[in-house]
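Understanding the architecture of this molecule
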Amino acid sequence: MSDEQTPPAGRREPAAGTAAPDRSGAPLISVRGVDKLFGDFQALKGIDLDIHRGEVVALIGASGSGKSTLCRCINRLETITRGEIRIDGELLPEEGKDLARLRSEVGMVFQSFNLFPHLRAVENVTLGPMKVRGVPKAQARAEAMDLLARVGLQGKEMNLPAQLSGGQQQRVAIARALAMHPKALLFDEPTSALDPEVIKEVLDVMTELAEQGMTMLVVTHEMGFARHVCDRVVFMDAGEIVEASEPEAFFTNPGSQRAKDFLGKILAH
């Protein structure tokens, strides 16, 4: 989708009372020397990436470039072959209670929603806080109702996923991630499975989260969102980070031929 096809909500500025991304301290998410192999295929090659508190980073590149794999590795849905990942200074372990705790602090929103089909919207949102954090049912339900209202789903709380549009299901998924009070959110192509007419309603929720200071890593093909909402664009190709820069610099004057070729193809349609 071209930059022109996705009307931005306006270049992101910190909302009143919201601090700009804090790049002075230790990064909230730190990736160092990460390799990922699937058999003989190397999906990630020496990835170094820092994401600071309040920063919104767009991870872009052609299909198969390693974006989703990196996103899944940060949440340890995929184990890494070499390197290390730290969340708020803590080394991300491979398994165990510490992994579950750290994973709960980094919410994940998937391309395919991953809602439980037999649970109503409010139940999908309450399940994590109750099971993982031990939040009492009444408290979890009250927070879920507030979060569903926050993402524009008043009156849909008792609907099953099959009774919701794709855009509404994805907003339930965002509310579900927020219910865990995460330090950061990872979005893995959150609009790619949606019909064009409902993409904007999901991007609007994400833009609002960005304005409120949520730390976010967004794997996306939505160039308008990347350019006008994100603080930084990270471009990947063939399992490597080729370049990273502020959005306007990247889109107007990319520093690598691979990025120029990518933008030439994606912005021409």
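Residues numbered from 1 in each chain as written. Predicted model: local features only at pLDDT ≥ 70, side-chain atom pairs only at ≥ 80, totals over all residues. Heavy atoms only, no water.

- The protein chain carries the name Amino acid ABC transporter ATP-binding protein in an unreviewed UniProt entry, which gives Brachybacterium hainanense as its organism.
- Quoted verbatim from the Sequence similarities (unreviewed entry) heading of the UniProt record, the comment on the protein chain is "Belongs to the ABC transporter superfamily."
- Turning to the protein chain, the UniProt annotation filed under Subcellular location (unreviewed entry) states: "Cell membrane". (UniProt positions renumbered as here; feature names shortened; annotations may be inferred.)

Some thoughts on the environment of glycine 166
- Looking at the secondary structure, you find glycine 166 in helix α5 (residues 166-178).
- Its relative accessible area of 24% is what places glycine 166 among the partly exposed residues.
- Aside from chain neighbours lying at most four places away, what touches glycine 166 is Phe113 and Leu194. (Helix = DSSP H or I, 4+ residues; strand = E, 2+ residues; numbered from the N terminus. Buried < 20%, exposed > 50% of the residue type's maximum accessible area, 1.4 Å probe, protein only. Contact = heavy atoms within 4.5 Å.)

Description of the pairing of strand β6 (residues 106-109)
- A two-sided burial pattern is seen for β6, the buried positions comprising Val106 and Met108 on one face and Gly107 and Val109 on the other.
- Pairing geometry for β6 and strand β7 (residues 184-188), over 4 bridges, is parallel. In the strand pairing of β7, valine 109 is matched with phenylalanine 187. (Pairing = 2+ DSSP bridges.)

Here we look at the nonpolar core
- Of all hydrophobic cores here, the largest spans 49 residues; its most connected members are Ile174, Phe187, Met206, Leu209 and Met216.
- The dominant element in this core, judged by the number of residues it contributes, is helix α6 (residues 196-211), at 8 residues.
- Discounting residues that sit within four places of it in the chain, methionine 206 has contacts with Ile174, Phe187, Pro190, Met216, Val218 and Phe225.
- Core analysis: the second largest hydrophobic core is formed by 29 residues, Ile47, Ile51, Ile74 and Ile80 among them. (Core = buried A, V, L, I, M, F, W, Y, C linked by side-chain atoms within 4.5 Å.)

Brief notes about the packing of aromatic side chains
- Applying the stated criterion across every chain, the model contains 3 aromatic pairs.
- Residues phenylalanine 235 and phenylalanine 250 carry aromatic rings whose centres are separated by 6.1 Å and whose planes lie at 35 degrees to one another, so their mutual orientation is tilted. Of the two residues, phenylalanine 235 sits in strand β9 (residues 232-237) while phenylalanine 250 sits in helix α8 (residues 247-252), which places them 15 residues apart along the sequence. An identical accessibility class is assigned to phenylalanine 235 and phenylalanine 250; each is buried. (Phe/Tyr/Trp six-rings, centres within 6.5 Å; stacked < 30°, edge-to-face > 60°.)

Section: the sheet that holds strand β2 (residues 41-51)
- The 4 strands are arranged β2-β1-β4-β5 in an open sheet whose pairing can be described as antiparallel. Looking at the sheet topology across the chains shown, the edges are occupied by β2 and β5 (90-91).
- By the bridge criterion, 2 bridges tie strand β4 (residues 82-87) to β5 in an arrangement that is antiparallel. Bridge pairing links arginine 86 to leucine 91 in β5.

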